Amino acid sequence: MSNATGAPGKRGGPQEQQMKIGIVGCGFVGATAAYAMVMNGVGREIVLVDLNRQRADAEAADILHAVPFAHNLNIHSGDYTDLRGARVVVMAAGVNQKPGETRIELLERNKAVFQSVIPRILSLIHI
């Protein structure tokens with residue numbers, strides 16, 4: 001699990017600076033969202049969750065290298081239980097489109113992902 005803090009925060013209101021954020025799905029969308037949040041000083045903690053834990057570990061470690069040049073926050077990989085206390089959860093999990101696959105077929109495959117992931121997220125957060 002990657003974990004550290006960096007340079008003093010430069011942006012964001014008091015609530016934004018205290019916010020814990022979860023990102024489920026560490027592919028291109030999830031990893032880019034996490035990087036953008038680090039660079040813009042959004043939140044105090046970002047938790048990356050992915051079916052492939054090694055991918056989440058690697059993305060957290062890579063993004064962690066930007067922290068000293070950006071904002072003081074904690075970025076790490078975790079599992080669904082680490083989403084407890086998150087004020088925002090970004091749902092970026094999904095499957096890539098296969099060559100020749102229609103958008104409807106892709107949607108059906110992603111439907112199965114959403115049906116698996118969203119209840120797990122909702123069981124841990126307060127709405």
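Residues numbered from 1 in each chain as written. Predicted model: local features only at pLDDT ≥ 70, side-chain atom pairs only at ≥ 80, totals over all residues. Heavy atoms only, no water.

## Quick notes on the overall build of the chain
Phase 1 of the analysis: Across its full length, the chain holds 4 helices and 4 strands.
Phase 2 of the analysis: For the chain, the N- to C-terminal ordering of α and β elements is α-β-α-β-α-β-β-α.
Phase 3 of the analysis: Counting all 127 residues of the chain, 38% fall into the buried class.
Phase 4 of the analysis: Summarising the internal contacts of the chain: among those between residues at least 6 apart in sequence, 77% fall at separations of at least 24. (Helix = DSSP H or I, 4+ residues; strand = E, 2+ residues; numbered from the N terminus. Buried < 20%, exposed > 50% of the residue type's maximum accessible area, 1.4 Å probe, protein only. Contact = heavy atoms within 4.5 Å.)

## As for helix 4 (residues 103–122)
Phase 1 of the analysis: The end-to-end C-alpha separation of helix 4 is 27 Å, in line with the 28 Å expected for 20 residues at 1.5 Å each.
Phase 2 of the analysis: Along helix 4, the largest kink reaches about 25° and is centred on Phe114.
Phase 3 of the analysis: Along helix 4, the residues classified as buried are Leu106, Asn110, Val117 and Ile121. (Expected span 1.5 Å × (residues − 1). Bend = angle between axes of the 7 residues up to and from the residue.)

## Focus on the pairing of strand 1 (residues 20–24)
Phase 1 of the analysis: Counting buried positions along strand 1 gives 5 out of 5 residues, so the element sits mostly inside the fold.
Phase 2 of the analysis: Going residue by residue along strand 1, you find Lys20, Gly22 and Val24 tucked away on one face and Ile21 and Ile23 tucked away on the opposite face as well.
Phase 3 of the analysis: As defined by bridge partners, strand 1 adjoins strand 2 (residues 45–49) across 5 bridges and the pair is classed as parallel. Bridging across to strand 2, Gly22 finds its partner in Val47. (Pairing = 2+ DSSP bridges.)

## Let's talk about the sheet that holds strand 3 (residues 74–77)
Phase 1 of the analysis: The 4 strands are arranged 3-2-1-4 in an open sheet whose pairing can be described as parallel. Each edge of the sheet is formed by a strand with only one pairing partner; in this case those strands are strand 3 and strand 4 (88–91). Taken over all neighbouring pairs, the strand axes of this sheet differ in orientation by 15° on average, direction set aside.
Phase 2 of the analysis: On top of the sheet, helix 3 (residues 53–64) reaches strand 2 and strand 3; it is set at about 160° to strand 3, its chief contact. (Axes fitted to C-alpha atoms, helices over the stretch in contact; angles between N-to-C directions.)

## Considerations on the packing of helix 2 (residues 28–40) against helix 3
Phase 1 of the analysis: Axis separation between helix 2 and helix 3 bottoms out at 10 Å; the angle between their running directions is 30°. Taken together, helix 2 and helix 3 sit at an angle that is classed as roughly parallel. Where helix 2 crosses over helix 3, the two elements pack in a sense that is right-handed. Contacts between helix 2 and helix 3 pair Phe28, Ala31, Ala34, Tyr35 and Val38 from the former with Arg55, Glu59 and Ile63 from the latter.
Phase 2 of the analysis: Residue composition of the contact of helix 2 with helix 3, by class: 6 nonpolar, no polar and 2 charged. (Parallel < 35°, antiparallel > 145°, perpendicular 65-115°, else oblique. Left-handed = near helix turned anticlockwise from the far one by under 90°. Nonpolar A, V, L, I, M, F, W, Y, C, P; charged D, E, K, R; others polar.)

## A short note on the pattern of salt bridges
Phase 1 of the analysis: Applying the stated criterion across every chain yields a total of 4 salt bridges.
Phase 2 of the analysis: Notably, a salt bridge pairs Arg44 with Glu45, separated by 2.9 Å at the nearest N-O pair.
Phase 3 of the analysis: A relative accessible area of 13% means that Glu45 is categorised as buried.
Phase 4 of the analysis: Glu101 is the salt-bridge partner of Arg109, the closest N and O atoms lying 2.6 Å from each other.
Phase 5 of the analysis: A relative accessible area of 28% places Arg109 in the partly exposed class. (Salt bridge = Lys/Arg side-chain N within 4 Å of Asp/Glu carboxyl O.)

None of this, on its own, says anything about what the molecule does.
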